[in-house]
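What the coordinates show
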4 protein chains.
Amino acid sequence: MGNASPGILDRTLRQLQRALGLAGMGFGGLKSGLDPSLPDHDLDRVKQHIDDCLAERGGKVSARARAAELGDAYLTLDSTGRRLFLELLAHDYDVDGASIDAAIAARQAARDAASRREAEARLRDALVAPRVRLLAGFSDLNQGVKFLVDLRAELITLLDQHPSLQPLDADIHRLLSQWFDIGFLELKHITWSTPAAFLEKLIEYEAVHEISSWADLKKRLEQDRRCYAYVHAGMPDEPLIFVEVALVSGLASNIQDLLSTTATALEPERADTAVFYSISNCQKGLAGVSFGHFLIKRVVDDLSHELPNLKTFATLSPLPGFVAWLDAQFDSADPDLLEPDEAARLQELAGTDNGIDGLASLVSSGEWARDESLTRALEPALRRLCARYLLEAGSNSRMRDRVGHFHLSNGARIERINWMADLSPRGLGQSAGMMVNYLYRLKDIEKNHESYTGDGQRNASPEVMRLLRGG
Amino acid sequence: MGNASPGILDRTLRQLQRALGLAGMGFGGLKSGLDPSLPDHDLDRVKQHIDDCLAERGGKVSARARAAELGDAYLTLDSTGRRLFLELLAHDYDVDGASIDAAIAARQAARDAASRREAEARLRDALVAPRVRLLAGFSDLNQGVKFLVDLRAELITLLDQHPSLQPLDADIHRLLSQWFDIGFLELKHITWSTPAAFLEKLIEYEAVHEISSWADLKKRLEQDRRCYAYVHAGMPDEPLIFVEVALVSGLASNIQDLLSTTATALEPERADTAVFYSISNCQKGLAGVSFGHFLIKRVVDDLSHELPNLKTFATLSPLPGFVAWLDAQFDSADPDLLEPDEAARLQELAGTDNGIDGLASLVSSGEWARDESLTRALEPALRRLCARYLLEAGSNSRMRDRVGHFHLSNGARIERINWMADLSPRGLGQSAGMMVNYLYRLKDIEKNHESYTGDGQRNASPEVMRLLRGG
Amino acid sequence: MGNASPGILDRTLRQLQRALGLAGMGFGGLKSGLDPSLPDHDLDRVKQHIDDCLAERGGKVSARARAAELGDAYLTLDSTGRRLFLELLAHDYDVDGASIDAAIAARQAARDAASRREAEARLRDALVAPRVRLLAGFSDLNQGVKFLVDLRAELITLLDQHPSLQPLDADIHRLLSQWFDIGFLELKHITWSTPAAFLEKLIEYEAVHEISSWADLKKRLEQDRRCYAYVHAGMPDEPLIFVEVALVSGLASNIQDLLSTTATALEPERADTAVFYSISNCQKGLAGVSFGHFLIKRVVDDLSHELPNLKTFATLSPLPGFVAWLDAQFDSADPDLLEPDEAARLQELAGTDNGIDGLASLVSSGEWARDESLTRALEPALRRLCARYLLEAGSNSRMRDRVGHFHLSNGARIERINWMADLSPRGLGQSAGMMVNYLYRLKDIEKNHESYTGDGQRNASPEVMRLLRGG
Amino acid sequence: MGNASPGILDRTLRQLQRALGLAGMGFGGLKSGLDPSLPDHDLDRVKQHIDDCLAERGGKVSARARAAELGDAYLTLDSTGRRLFLELLAHDYDVDGASIDAAIAARQAARDAASRREAEARLRDALVAPRVRLLAGFSDLNQGVKFLVDLRAELITLLDQHPSLQPLDADIHRLLSQWFDIGFLELKHITWSTPAAFLEKLIEYEAVHEISSWADLKKRLEQDRRCYAYVHAGMPDEPLIFVEVALVSGLASNIQDLLSTTATALEPERADTAVFYSISNCQKGLAGVSFGHFLIKRVVDDLSHELPNLKTFATLSPLPGFVAWLDAQFDSADPDLLEPDEAARLQELAGTDNGIDGLASLVSSGEWARDESLTRALEPALRRLCARYLLEAGSNSRMRDRVGHFHLSNGARIERINWMADLSPRGLGQSAGMMVNYLYRLKDIEKNHESYTGDGQRNASPEVMRLLRGG
């Protein structure tokens, strides 16, 4: 299972056993799931148990206990057993078409407001699959929230091969969206005094600039750094998303300096700029539940309040799709890609004679970054192409770069393209070593958001606009 | 507003103002709501604001801010203004019949599973009134959860006179049921070391046996007493429901002894019985969201674990509807009510000569409790009638006494009827001074629940059964 | 015992029993302490136990356990038994004169620095009574710190009648002074969210203006009030000293307004003055260990930081010794007490014809405050005499009023005398209804302290100086 | 400075500056301390400041502030400046011989109890150097406790070369012994959820078996491990001493298995033995203040309570002085060291022909551990010699091995000598690869302590006794 460490599952299991004082259910057939001829009586027992649970046999409290027992049993299953269980939920506990039809008929037959309303309520209920009530029953287990998040993480990996599980996934997604409503999350300021068990998760989940060691992590929590995470009370030891911020003088132009382990920390009171240099989503099981917009807004608010000296809030972001897009442009022999003399000079420098193809593989390899003349020669072309990628690639409603799309949806604008800003293998391989500053100016956020989501207008600084025009 | 202390609302308001940095919205027309000719432009402004909010103009974060602003404005309104605002929500932001019709048509026209599913999702969305999204947006305000609970408390008081608000109430009820899912509540052990601000609420909310002073409260938190409350993280200073328990030797038979301020406290390790003597729901705005079943179960679990010496878990409960039922029986001249000689003897003792009517008013008055001979004479009749009330009054599926119905639904059984058990005016006036022990035996709870909710069977001890038969 | 609630002692006792797993020691003879012929063998057992403890028989850990056991036994004694135990400590475990003599001899005989030093260390040890080590051993009991504080509170009540206990008291005082060093105390901000168990102690310990109810207490913790207490980690549920502060506009001139239950609270941000209107020492057992100086300074610092709008820090204080001093002046027939015409007019108004004596009893009775003409007539005389009392009564190094002495030692100055400022019986009886503002101006504190403690100069505002001169 | 990270000192300094609002004092002369001709006026300023502080000029509160200011200045000094400052304290603020003489004279002249007592109190005061009051004043600085501990750590390193600082060290030691009285320490259970800033200190301070990484540390905090530390409220982020415990089945016989990173963790409920495998003192500045005895006792108590299944409490300890002692024995040509045939056989195996010397260097080198025949041949001899070392080496009152002395003073007995138990370079080099189990049996602890500290009897199991006799 994606993020579910066996430790947590084991502990959940023991907790359940203690809580319930119930013997395990066996699930014999499901466990030996590799055998396609699943003995009927076992599936029957599972279904009986689910039915008892949904019927609230023995009362609501007992129903919760039964849901817990099912969760318990699920955790003991191997991967085939789990898939079979999920398929059981997907197929046998889906909405009932006949009930929906009946409710629709009643609604259409209703003659007065009151009976229409009643029929609509019944219809709304009929449109919720019975399994949803079962899954919702996990909320009050100690690790039940994490359990459902991890169950979905596993489910997501099965969707490609088992598309019939998609409606189940949609149900869990809807349930988790309610549970993880932004109003119920806590914004946590992460420091070096945070429990190690939590910090360990940052190392594990950091998705943008890998945290190489505890010493690296400590550096990122020094006095001129900030780290905030959203946390849910139901899984308090796990970040849902976290952002890392550097407090600096002037807009940061490359990641190497920010992550340097030898730089001395700035007094926070002397910084004028907060640079968001990493945002990581942590829970695969929460795919499609968005926190990022709120996180950035809250952190900007908190920092403005804590440090009134901060005047600029911006990101230092990768362009994860730039090189791939460039490759595609080279492939399609886009005639506007390079100026004629540019192409000639680059081919000469690169010592490549198979034309554009050679140039494409040159950029992809990142080798050029070690050759000063090549670097100098490539800079104007790549900067210009980068501006074009940001400002023109993609559809009208959505720019091609997903990081850029996130920030522009958020109301930021494209402020600056930084050359030689991320020389890590990934930085060179995906972004040709460039990074972008997206600028968050509080008073423009709503306007920017509206013009981007409404008219597809991509806001950018004059400097970036000029680049596009080859300035 | 029911429970909403002005303090909280004021603080919410200030918080909102600070959070938003927005000028108040005025709502001029709504505020001067007594004037039936509400100026159109004001309503228009409010509607414009709601529309902007629902359209997420400026992005999700801005939408939340707008919801907050509306809440802010609501708090400044007088009662008429608030009603008008609620009516606006009820009428202008209800489900849209045409959208439902369209979604139904699409669903019925769907030919394959995928498009049917898609249509059903659309239909489900259409069945949720737009106002629900607005209301859900309060979740992340500091006092937003309490705000919505209090708003519903106020709304409920309007329902009788303004039935058109009922669909709005149903929406809020559904939303609060999700927010207050038992899995997201914390069970809090209340002691004399709990903050005074919280304890003060117990005094305010106690609904069964009034807490007369801080000294009385302290007595109820001594070492041989326990108090537990469910609390929601969104309104941590407020109990949702709380239960008071006495640890005693042998089943408690009257409330006077339990609440005596002079008794010395028992060592908890010496108690063999836990008596639940008061359960109070605290939030009128959470009417219809049930916590009591879970609370009793959790407290029984916790106490069993903490004090293995406890062998019996039972309540000491009032019979809030007994005297009223008895009156009705007297009125209907039920011939089986009293034995002939009983009636004669009672009339003689009571010095009343207008027959049954005299007896009825004698019982209602509670005066008899001061007259020893009358008391002795009434005891067998009232005990028998009490057993009849508990075991026979009401319908097959629901006993007449609401407290009894709660406990039998919960899986308890009627264990004992206690004579002269509550001599307070309310105790005499409602319950003729009697109290009932409902017994919670863990191993029988499911079975009892099933037989009561399924077959309408009311479980009782042999002793109580005998009373019925005049034993 | 003074402050030692039986609850705490009982709990300590149970804790000790659990901690030690030791049977009680009996102390038979001491317990039946009323019998003067104490059986020898019991005293012997106690002494044997103390000796074992001091000899660290069984190691340091065992010695601590033995000290605990003795504390345990002490708690079971009646008052005579406790006194006998204290006398045992006072007489049998005092410093040993012979050891001191020997150490002195060695020190005087020492020829070089090293041996002199060694002899001095030995001498220092000899000057510490063995009982001190025993008493110090209570530090690590759960309630041991409170135990020793309460033991001293009890001891202090015996000193008058049993002066031989004084050296024991001096030892405990020295030990407690170390334990309660200001550096190890925590300043706690007390609010309505503080545990009730702690707030209850404020009601109990308030020594200046009685807290009449929980409602009164709540009023004193509102947004325009502050309350701070020093607390020791070893007895976290008990304040050592606390101060109550009112945030007001302009210097408060009477206590009635401050304690009014009907006034609406001021926004703290609008206050310009913090008035310290009550300081109470809470632990009789800590007599002679002073916290007040540090408390005021810390609270001034904290408030200045929290509310920069505060410009003035001052007290509103009683003059507890004024009326008594005035009586003495009347008795001594001080000719300067009243102007001739003043005396005549007052006697006339008061309808008294036995001269000065009549006036003295008039002032003492406080009756005058109900008679407007008398009040008006008395005001100039009493104000002038009050100024004289504050500025001249007492010795050069110490003004007669103990509250005034405390504040002037602290570096405050006498700012204003307020007429009709405390009309409670105590206020009239002790202070003739007047109250004083002592002003704390940060930049003058050191200078004021020096001039008062050094030269006996009593700093006062020009206004008060003028009063003295009959202005 | 020993343990004082610059971070803490810097923060203390900034805190002081903020707290005091005072300009730095310069200390020009002291800072340029390398110049032996210290300008007089600077020393004078420092002395003036100390004198003001001791005279409590401006009041007690100001005196504390001045002490803080001095601490502040101290932190800015270089090492020579610090030494000069310490020497100033040592020489100019020592006890005053004349005052002592005068107090002695008064005491000897006293004729009655009261005046003798008074004179003794005066004498006791005279025997406390004035600097002690200055140093005590650091207690209420935020980092003041840590400051004094670190100051002493630095002072200790100077003692050898500057013996005149010894009386100052004795004063600080006495003061710290009061501050760090066991009663004021908190026992903290350290887990993987402890703040990383604290855990980092364990890695730094572990003195027995180095913690090689955060992964190693995490392993030592798993479910079958326990770690406890004593912490002082004045320096809450620092352990004073900590112990690491392994919960195992049967007495652990080697450290390799305990520290293995691949072993799976035992269910704590299944362990029957708690093995204390590492105890580390953390603060050099607390040399001579002992916590170890209390720590072991408390942890045994806590674990017995938490896990009643634990039957055996024992250590797995190094013999840090064994090889050194053995070398000395070889050097002194102790004829009983080896049996004649043993010696011959070992020399043959070792291929050494320079007799005993060769054997000595063979053992010291630890090379033998790689040669199976040698290992087998050495085992009986080394075990026997180890038993002799533990049971006979050293004086009657103190065994030679310091670890053994600690545990026997504590009341443990020598339970088992483990062969090939620590194959690390240090284990081989100091302990010839052997480790000892010291057994803590609660009921024998007092008796064992008494017989060891009283009669010098070293308690050991029959098995170890037999080894001594060559069994």
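Residues numbered from 1 in each chain as written. Chains lettered and ligands numbered in written order. Predicted model: local features only at pLDDT ≥ 70, side-chain atom pairs only at ≥ 80, totals over all residues. Heavy atoms only, no water.

Observations concerning the overall build of chain A
Selection rule: A helix here means a DSSP run of H or I that spans at least four residues, while a strand means a run of E at least two residues long, and both kinds are numbered starting from the N terminus. Two residues form a contact once any of their heavy atoms are found within 4.5 Å. Here the accessible surface of atoms and residues is derived via Shrake-Rupley with a 1.4 Å probe, and residues count as covered only by protein chains that are part of the display.
When helices and strands are counted, chain A shows 22 helices and seven strands. Sequence-distant contacts in chain A: of pairs separated by 6 or more residues, those separated by 24 or more amount to 75%. Roughly 20,000 Å² of accessible area belongs to chain A as shown, and the carbon and sulfur atoms make up 50% of that amount.

Some remarks on the interface of chain A and chain B
Many descriptions give the size of an interface as the accessible area lost when the pieces come together. This is how it is decided: In short, buried area is how much 1.4 Å probe accessible area vanishes from two parts on joining, totalled over both. A side-chain nitrogen of Lys or Arg and a carboxyl oxygen of Asp or Glu constitute a salt bridge if their distance falls within 4 Å. As a working rule, the residues Ala, Val, Leu, Ile, Met, Phe, Trp, Tyr, Cys and Pro are called nonpolar, Asp, Glu, Lys and Arg charged, and the rest polar, with Gly in that last group.
Facing 43 residues of chain A, the contacting portion of chain B comprises 43 residues. Counting the surface lost from both chain A and chain B, the interface buries some 3,700 Å², and carbon and sulfur atoms represent 58% of this. Taken as a group, A:Arg124, A:Leu127 and A:Phe184 account for 16% of the area that chain A buries against chain B, more than any other trio of residues on that side. For the interface between chain A and chain B, the tally reads eight salt bridges. The set of elements that each furnish at least two residues to the side of chain A that touches chain B consists of helix H4 (60–76), helix H6 (97–109), helix H7 (113–126), helix H10 (166–179), helix H14 (292–306) and helix H21 (445–455) of chain A. Broken down by element, the residue count for the side of chain A that touches chain B peaks at six residues, all from H6(A). A breakdown of the residues in the side of chain A that touches chain B according to their chemical character gives 14 nonpolar, twelve polar and 17 charged.

Here's the deal with the pairing of strand E4 (residues 273–281) of chain B
Residue and element names in this part refer to chain B. As a reminder, the rule being used: Accessible area is worked out with a 1.4 Å probe on protein chains only. A residue is then buried under 20% of its type maximum, exposed over 50%, and partly exposed in between. Between any two strands, pairing holds if DSSP finds at least two bridges.
Of all nine residues that make up E4, seven are buried, and the element is covered over most of its length. With eight bridges joining them, strand E3 (residues 241–248) and E4 adopt antiparallel strand pairing. Counterpart to Ile-241 in the pairing with E4 is Asn-281. The pairing of E4 with strand E5 (residues 312–315) spans four bridges and is parallel. Paired with Ala-274 across the strands is Phe-313, a residue of E5.

Looking at the relation of the copies chain D and chain A
Put simply, the rule is: For the least-squares superposition of copies, only C-alpha atoms count, and only for residues with pLDDT at least 70 in both.
Placing chain D over chain A gives an RMSD of 0.1 Å and needs a rotation angle of 179°, together with 0.0 Å of translation along the axis. Taken together, the rotation and translation describe the operation of a two-fold axis. Among all residues of chain D, the minimum C-alpha distance to the rotation axis is found for D:Pro195, at 1.9 Å. Of all interface residues in chain D, 92% are interface residues in chain A too; the two copies therefore contact each other through one and the same surface.

Digging into helix H4 (residues 60–76) of chain C
Applied cut-off: Working rule for helices: expected span equals 1.5 Å times residues minus one.
Between its terminal C-alpha atoms H4(C) stretches 25 Å, which fits the 24 Å expected from 17 residues at 1.5 Å a residue. Counting buried positions over the 17 residues of H4(C) gives 13, a clear majority of the element.

Quick notes on the interface of chain D and chain A
What counts, and what does not: What qualifies as a polar contact is a pair of N or O atoms within 3.5 Å, subject to a donor-acceptor requirement within protein and to the restriction that residues adjacent in sequence count only when both atoms come from side chains.
Each partner contributes residues to the interface: chain D has 13 residues there, and chain A has twelve residues. Buried surface at the junction of chain D and chain A, both sides included, amounts to about 1,000 Å², of which 54% is carbon and sulfur. Three residues, D:Trp192, D:Ala196 and D:Trp214, lead the burial of chain D against chain A; their summed loss comes to 43% of the area buried on that side. The residue D:Lys218 makes a salt bridge to A:Glu200 at a minimum N-O spacing of 2.5 Å. Connecting chain D to chain A are eight residue pairs in polar contact (both at pLDDT 80 or more).

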